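Architecture at a glance
Now for the letters of each chain:
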Amino acid sequence: MADIVGMLDQLQNKALHNAELKERFLATRSEPSPISAFCGICREEGYEIYEMELVCAGEEFHAAMKRSTNGGGENSPMLAGQDDFYELFLAALDGK
């Protein structure tokens, strides 16, 4: 799997400096399939990001953090949106 986190970081920086791109990403929230629309824009911008890769990357990232603390035990609940790279990306663009 490609480095989704790195690609999202590059796209986020690009969008923060390009108002039109930023608005296109933010507008995906109102699409019938927001993540598909989001990934479509990513691919248009030259970043091969697909829906399942995005979802799996968030889950894998969260799981790796969990394993690295508390001896790998599961004793802390996941916070809402903690593994949702799509929402985290948009929140950063929104300044939230």
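Just above sits the structure.
Residues numbered from 1 in each chain as written. Predicted model: local features only at pLDDT ≥ 70, side-chain atom pairs only at ≥ 80, totals over all residues. Heavy atoms only, no water.

Describing the packing of aromatic side chains
Taken as a whole and judged by the stated rule, the model has four aromatic pairs. Ring geometry for Phe-25 versus Phe-89: centroids 5.0 Å apart, planes at 70 degrees, classification edge-to-face. On the criterion of sequence distance, the pair formed by Phe-25 in helix α2 (residues 19–27) and Phe-89 in helix α5 (residues 85–94) is long-range, its members being 64 residues apart. For the residue pair Phe-25 and Phe-89, the accessibility class agrees, reading buried in each case. Taken together, a centroid distance of 5.0 Å and an interplanar angle of 75 degrees make the contact between Phe-38 and Phe-89 edge-to-face. A residue pair is termed long-range when its members are at least 10 positions apart, and Phe-38 in helix α3 (residues 34–44) and Phe-89 in helix α5 qualify at 51 residues. (Phe/Tyr/Trp six-rings, centres within 6.5 Å; stacked < 30°, edge-to-face > 60°. Helix = DSSP H or I, 4+ residues; strand = E, 2+ residues; numbered from the N terminus. Buried < 20%, exposed > 50% of the residue type's maximum accessible area, 1.4 Å probe, protein only.)

What about the side chain of Gln-12?
Inspection of the secondary structure puts Gln-12 in helix α1 (residues 4–16). What makes Gln-12 buried here is its relative accessible area of 17%. Excluding residues within four positions of it along the chain, Gln-12 makes contact with Leu-88, Phe-89, Ala-92 and Leu-93. (Contact = heavy atoms within 4.5 Å.)

A closer look at α3
Residues lying three or four places apart along an α-helix face the same way, a consequence of the helix completing one turn every 3.6 residues. Residues of α3 that are buried: Phe-38, Cys-39, Gly-40, Ile-41 and Cys-42. Immediately beyond the C-terminal end of α3, within one or two residues, lies Gly-46, with a positive phi of roughly 95 degrees.

Comments concerning the environment of Leu-93
Secondary-structure assignment places Leu-93 in helix α5. Look at Leu-93 and you get buried, because its relative accessible area is 2%. With 78 residues separating them along the chain, Leu-93 and Ala-15 place their C-alpha atoms 7.6 Å apart.

Description of the nonpolar core
Within the largest apolar cluster, 21 residues are counted, with the highest numbers of intra-cluster contacts made by Ile-4, Leu-8, Phe-25, Phe-38, Ile-49, Leu-54 and Phe-89. In contact with Leu-8, not counting residues within four places along its chain, are Phe-38, Ile-49, Leu-54, Phe-85 and Phe-89. (Core = buried A, V, L, I, M, F, W, Y, C linked by side-chain atoms within 4.5 Å.)

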